[in-house]
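Coordinate inspection notes
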Amino acid sequence: MTLAQRSRRARIAAHASWANTADRAGRTAPATASFLARFERQVDPLGVLEPGVREQMALHARRAYMLQLAERSAKARRKAASRAPGTSRRSAG
């Protein structure tokens, strides 16, 4: 099976799975909680901070992480655009 065929089959399976999921938030809740806990562990690995302080610090750590991702994404788009001018934009149709 080619990479394109595997990708297409995986996309079909993902859409079919989500089509059968009524509680979307419930389905993703464990992953979301794990993702957010990562930042709490990052800012307070020993668990000694007050919960409110830890939560605020984790919020800032998460925002910093997201901004870093955005910066890396923008850099990759700029690099791709400089390699092949005009081909990195998606068509409107």
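Anyway, here's the lowdown on the structure attached to this text.

Each value, and the rule that gives it
- Residues numbered from 1 in each chain as written.
- Predicted model: local features only at pLDDT ≥ 70, side-chain atom pairs only at ≥ 80, totals over all residues.
- Heavy atoms only, no water.
- Salt bridge = Lys/Arg side-chain N within 4 Å of Asp/Glu carboxyl O.
- Helix = DSSP H or I, 4+ residues; strand = E, 2+ residues; numbered from the N terminus.
- Buried < 20%, exposed > 50% of the residue type's maximum accessible area, 1.4 Å probe, protein only.
- Polar contact = N/O pair within 3.5 Å; in protein donor to acceptor, adjacent residues only side chain to side chain.
- Contact = heavy atoms within 4.5 Å.
- Expected span 1.5 Å × (residues − 1).
- Bend = angle between axes of the 7 residues up to and from the residue.
- Phe/Tyr/Trp six-rings, centres within 6.5 Å; stacked < 30°, edge-to-face > 60°.
- Lys NZ or Arg CZ within 6 Å of the ring centre and 35° of its normal.

**Structural notes on the pattern of salt bridges**
- Going through the model one piece at a time under the given rule, you end up with 3 salt bridges.
- Across the pair R54 and E40 runs a salt bridge whose closest N-O atoms are separated by 3.5 Å. Within this pair, whereas R54 is found in helix α3 (residues 51–83), its partner E40 is found in helix α2 (residues 24–43), the two being separated by 14 residues in sequence.
- Assessed through its relative accessible area of 31%, E40 is described here as partly exposed.
- With a closest N to O distance of 2.9 Å, R54 and D44 form a salt bridge. Note that R54 is positioned in helix α3 and D44 in the loop between α2 and α3, a separation of 10 residues in sequence. Each of the two residues, R54 as well as D44, counts as buried.
- Sharing partners across several salt bridges, the network here consists of E40, D44 and R54.

**Considerations on the environment of S17**
- Within the fold, S17 resides in helix α1 (residues 3–19).
- For the pair formed by S17 and A81, sequence separation is 64 residues and the distance between their alpha carbons is 35 Å.

**Side note on the side chain of D44**
- The exposure class of D44 is buried, given its relative accessible area of 7%.
- A polar side-chain atom of D44 sits 3.0 Å from the main-chain amide nitrogen of V48.

**Observations concerning the side chain of R54**
- According to the relative accessible area criterion, R54 is buried, its value standing at 17%.
- From its side chain, R54 meets the backbone oxygen of L49 in a polar contact 3.1 Å long.
- Beyond its immediate chain neighbours, meaning those up to four positions away, R54 contacts E40, V43, D44, G47 and L49.

**Considerations on α2**
- Along its 20 residues, α2 runs 29 Å from first to last C-alpha, staying within 8% of the 28 Å computed at 1.5 Å per residue.
- The sharpest bend along α2 measures roughly 40° and falls at P30.

**Notes on the packing of aromatic side chains**
- Overall, the coordinates contain 3 aromatic pairs when judged by the stated rule.
- Measuring from ring centre to ring centre gives 5.5 Å for F39 and Y65, while their planes differ by 55°; the resulting arrangement is tilted. Taken as a pair, F39 in helix α2 and Y65 in helix α3 lie far apart in primary sequence, 26 residues in all.
- Given the relative accessible area of 1%, F39 is considered buried.
- Aromatic rings pair up to connect F35, F39 and Y65 into one cluster.
- The ring of W18 carries the charged tip of R27 above its face, separated from the ring centre by 3.9 Å.
- A cation over an aromatic ring shows up here: R38 above the ring of Y65, its NZ or CZ 4.5 Å from the ring centre.

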